Amino acid sequence: MNYATIKPFDVADGPGVRVSLYVSGCRNRCKNCFNPETWDFNYGKPFTEEVENYVISALSPQYIKGFTLLGGDPFEPENQVTLAPFLEKIRSVYPDKSIWCYTGYDYEKDLLTGKKGDAELVMRMLNSIDVLVDGRFVEELKDLNLRFRGSSNQRIICVPQSLGQDKVVLWDENSQL
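What counts as what
- Residues numbered from 1 in each chain as written.
- Predicted model: local features only at pLDDT ≥ 70, side-chain atom pairs only at ≥ 80, totals over all residues.
- Heavy atoms only, no water.
- Helix = DSSP H or I, 4+ residues; strand = E, 2+ residues; numbered from the N terminus.
- Buried < 20%, exposed > 50% of the residue type's maximum accessible area, 1.4 Å probe, protein only.
- Polar contact = N/O pair within 3.5 Å; in protein donor to acceptor, adjacent residues only side chain to side chain.
- Contact = heavy atoms within 4.5 Å.
- Core = buried A, V, L, I, M, F, W, Y, C linked by side-chain atoms within 4.5 Å.

This part covers unusual backbone geometry. With a phi close to 65 degrees, F148 is a non-glycine residue in the positive phi region. Of note, F148 is situated in the loop between strand 6 (131-134) and strand 7 (155-158).

Rendered as structure tokens:
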């Protein structure tokens, strides 16, 4: 797997100061995507053990609220093999830090049904994620007033509650995640 960039101090992709990893590879190719260079699976640099350790280390300061995974698309099958164990490692090392993830795929239609990649890897990823922002960016639904998403069709989903209740539970500003 390749990655496009790592932001060790990100305040745009979830609440608080976060470490963000932008992975490479996306088949959604949303019109006016803010980083189309990440559509290419070969863009960027290889995600090595050294890079993994850097991200884990960058998460250590107390003021870092959590980790955000975006791209490209983390749920592309080519990325799942690397990201499932990596997310589990972050969860293990930092159980109190939140993990947010952005995907252009639909939580119920694509991820829960097993239509996107390896169903076991998808569930391992979802079980490590606190909040999932799902849905393609739609230029016609773009709204600059939306927090943590680009278009009004995208949802901010509390994953543990959604999995536990077998229905989508949306995140709100008062959530601790």
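Right, let's get into the side chain of N79. By the secondary structure assignment, N79 is in helix 2 (residues 77-93). On the basis of relative accessibility, which here comes to 1%, the residue N79 falls in the buried class. Within the structure, N79 has its side chain in polar contact with the backbone oxygen of S24 (distance 3.2 Å). Excluding its chain neighbours within four sequence positions, the residues that come into contact with N79 are M1, V23, S24, G25, F41, D73 and P74.

If you look at the biggest cluster of nonpolar residues, it comprises 34 residues, and the most contacted ones within it are L21, F67, F75 and F86. Elements with a minimum of two residues in this core: strand 1 (2-10), strand 2 (17-23), helix 1 (49-58), strand 4 (64-71), helix 2, strand 5 (98-102), helix 3 (107-112) and helix 4 (119-128). Looking at this core, the element that brings in the most residues is helix 2, giving 5 residues. Once residues lying within four places of it in the same chain are set aside, the contact partners of F67 are R18, V19, L21, V55, L59, F86, L87, I90, S98, I99 and W100.

The quantities given are spatial measurements derived from coordinates; they are silent on function.
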